[in-house]
Amino acid sequence: MVENQTANRSLIAVTICALLLGGCSTSANDGAAGGDGAAASADSAAVTQETNGGHDGTAEIGSQTVELSAEKPEVAPVAKNNEPNRIAMNLPEDPSTQMSFNWYTTDDVPGSMVRVSTDAGMAEPLEFPAETTEVTSEYAERDKDGFYIYADIATNDDGDFLLDDDGTPQEVHGYFTDAQLDRSNTEWTSSGSDLGFLELHEVTEHTNKATATGLEPGTEYFFEVGSEEEGFSEVGSFRTSAADSEEFSFIHYTDTQNAYWNANVNNEAAYGANTLELARETAPKALFALHTGDFVETAAVEDEWVDNLDMSQDSNLQLPHAYTPGNHDEYRLRYQNGKNLESFNNHTNVPITNDAVTGGSYYSFDHSGAHFVILNTNDNKESEDNLEQGAIGQEQMEWAKQDIAQAR
């Protein structure tokens, strides 16, 4: 709970916290290299029944022995879905009169919008059109039953995958799916990306971003996103901030960081969803949630975003979020060179200051008399603006100083 006894006190307390909101984490996999470039098809690689220390078409994957198949299982297509999914409700710069929304559909659906009403039955709603953008998502290869398809491939003495320059495995021993694995295999649950070689395939999808404006401060609203053609989401709700609040509460959580290799083995997105549900029960009057980074483990794998946002949809429909980008929110598959610079902003509708999108964005907002500053420490890449690769570049630092000074 933040007590808004004086404007200066509220600003100082919140600003100190906010300067630490550049999400980051460390894990055993951070910085591990699986070879440069995107993963390529292993269909043309040599397939044998020999294994890394196994025999008779088996392999030791962590603490479990799995059966290998010489032929790669058929990759199932990603099902078309034009119902609103991966819904996020985000605090804009002025949450007293506005609220922002983001959702995905497979196609560019005509008439996509957010409807907002002061009536729970959505009577006489205000309609705000969505801006729809085509994006290319990368999904994990799965079989017809939804299990992830992995190759058991040759490794060096350090256990690193042996890949050609284009990312193709030098030797494939066989294929398996995670249907054969369970959560007792802690080597897999902690480091599955090092134990099974996964490939991704591209799918064209669309993001839909809309912002409701002209709202009344301190007012409860109900909303739904979607279209007349494909249908609308379940009804959600939010309360706009009020400038004269003496105190208010919000939920802080972080590092939901669900890993694709655990989706069918030890689903971490379900844990994140449960955590948020319990937090809402503990703080039923919370006006919003602050997520301080590492939405997902590997930003390049769209399946992680789907699991994270859809499993938490019940809470996300009732609780606006201020999202902070973390280092994992720009990671490529197997932590390869290069970053997925737009993944975070494709899945959120947070403000973007100075048109700067680099693994996320930085912004600020006022809520209930307190000023929040969200910094982006993915701005740590070497550039003319950041020669020493500090946590943030000079442009962001100067903006932060000015923003805080103006808020005092």
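All values reported here derive from a predicted model rather than from experimental measurement.

A. Geometry of the side chain of H367. By the secondary structure assignment, H367 is in strand β19 (residues 363–367). Its relative accessible area of 1% is what places H367 among the buried residues. Within the structure, the side chain of H367 is placed 2.9 Å from the side chain of S368, a separation counted as a polar contact. Leave out the neighbours within four places in its chain, and H367 touches L91, P95, S241, F248, L287, F288 and F372.

B. Geometry of a negative patch on the surface. Judged by side-chain charge, D157, D158, D160 and D194 come together as a negatively charged surface patch. Here D160 lies in the loop between β9 (149–153) and β10 (172–177). Since its relative accessible area comes to 33%, D160 is described here as partly exposed.

C. Focus on the packing of aromatic side chains. Inspection of every chain in the model, using the stated rule, returns 25 aromatic pairs. With 6.4 Å between their ring centres and 65° between their planes, F248 and F372 make a pair best called edge-to-face. Within this pair, whereas F248 is found in strand β15 (residues 247–248), its partner F372 is found in strand β20 (residues 370–374), the two being separated by 124 residues in sequence. According to the relative accessible area criterion, F248 is buried, its value standing at 4%. Both rings, one in F295 and one in Y323, keep their centres 4.6 Å apart while their planes meet at 35°; by these two values the pair is tilted. Of the two residues, F295 sits in the loop between β17 (289–291) and α4 (302–311) while Y323 sits in strand β18 (residues 321–323), which places them 28 residues apart along the sequence. Pair check on accessibility: F295 and Y323 agree, each one buried. One aromatic cluster in this structure is built from Y148, Y150, F176, W188, Y260 and W261.

What counts as what
- Residues numbered from 1 in each chain as written.
- Predicted model: local features only at pLDDT ≥ 70, side-chain atom pairs only at ≥ 80, totals over all residues.
- Heavy atoms only, no water.
- Helix = DSSP H or I, 4+ residues; strand = E, 2+ residues; numbered from the N terminus.
- Buried < 20%, exposed > 50% of the residue type's maximum accessible area, 1.4 Å probe, protein only.
- Polar contact = N/O pair within 3.5 Å; in protein donor to acceptor, adjacent residues only side chain to side chain.
- Contact = heavy atoms within 4.5 Å.
- Patch = residues over 30% accessible without salt bridge, like charges linked within 9 Å, V, L, I, M, F, W, Y side chains within 5 Å.
- Areas by Shrake-Rupley, 256 points an atom, 1.4 Å probe, with all protein chains shown as cover.
- Salt bridge = Lys/Arg side-chain N within 4 Å of Asp/Glu carboxyl O.
- Lys, Arg positive; Asp, Glu negative; His and termini not counted.
- Charge placed at Lys NZ, Arg CZ, Asp CG, Glu CD.
- Phe/Tyr/Trp six-rings, centres within 6.5 Å; stacked < 30°, edge-to-face > 60°.

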